[in-house]
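Fold and geometry: a report
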Amino acid sequence: CVNDRVVTQWTIEEDGDGQWYWGNLHSVSPHAAQATVWYDDGDTWTGDAQYIYTKIPCLMGPDGTICVNDRVVTQWTIEEDGDGQWYWGNLHSVSPHAAQATVWYDDGDTWTGDAQYIYTKIPCLMGPDGTICVNDRVV
């Protein structure tokens, strides 16, 4: 509805920075499925209403909710011909209907896959001598 708080992403494809920006829905054109957003910083945008959200998109990961722009970590498994190490990045986009997400890693690589493999922290357990995390050396 007009005046609702909304959020849109300034995508890399639009020569943007990939970040999400908040504003108010200023006007809508139902026949054209177009809407205009007035952003908090004074900018405006008119475009396809399918890109306007009332909250930043999120999915359920194995250790809780993960949202676009969150810091996340995934493992490059041996089964994938990887090295078994954990790599950090930012959650770039999500597809809630497919439970899929894309991670942009700190080294510049990207990966799209099932959200069940995307963590907000490296998995750990409580051992008799304290916390034990994946890839810790143990005796």
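Located above this text is the structure these notes cover.
Just so we're clear, the structure is a prediction, and the values are computed from it rather than from any experiment.

Before going further, it helps to spend a moment on the pattern of salt bridges. Summed over all chains, the structure comprises three salt bridges. Note that K121 is salt-bridged to D63, the shortest N-O span being 3.9 Å. Highlighted residues: K121 in the loop between strand 10 (110-114) and strand 11 (124-127) and D63 in the loop between strand 5 (58-61) and strand 6 (64-67), separated in sequence by 58 residues. Judged by its relative accessible area of 26%, D63 is partly exposed. Note that R71 and D106 form a salt bridge whose closest N and O atoms lie 2.8 Å from each other. Of this pair, R71 sits in strand 7 (residues 71-75) while D106 sits in the loop between strand 9 (100-105) and strand 10; the two residues are 35 residues apart in sequence, bridging distant segments of the chain. Looking at R71, the relative accessible area reads 41%, which means it is partly exposed.

In this structure, strand 7 lies alongside strand 8 (residues 86-95), joined through five bridges in antiparallel fashion. Within strand 8, the position partnered with V72 by the bridge is G89. Bridging between strand 8 and strand 9 involves six bridges; their strand directions are antiparallel. Considered in strand 9, the bridge of N90 is made with W104.

Here we take up the sheet that holds strand 8. The strands making up a sheet associate through backbone hydrogen bonding, with each pair oriented either parallel or antiparallel. Ordered by their spatial adjacency, four strands build an open sheet running 7-8-9-10, and the pairing between neighbours is antiparallel. The sheet is open, and its two edges are formed by strand 7 and strand 10, each paired on a single side. Pairwise comparison of adjacent strand axes, ignoring direction, gives a mean angle of 45 degrees for this sheet.

Procedures and definitions
Residues numbered from 1 in each chain as written. Predicted model: local features only at pLDDT ≥ 70, side-chain atom pairs only at ≥ 80, totals over all residues. Heavy atoms only, no water. Salt bridge = Lys/Arg side-chain N within 4 Å of Asp/Glu carboxyl O. Helix = DSSP H or I, 4+ residues; strand = E, 2+ residues; numbered from the N terminus. Buried < 20%, exposed > 50% of the residue type's maximum accessible area, 1.4 Å probe, protein only. Pairing = 2+ DSSP bridges. Axes fitted to C-alpha atoms, helices over the stretch in contact; angles between N-to-C directions.

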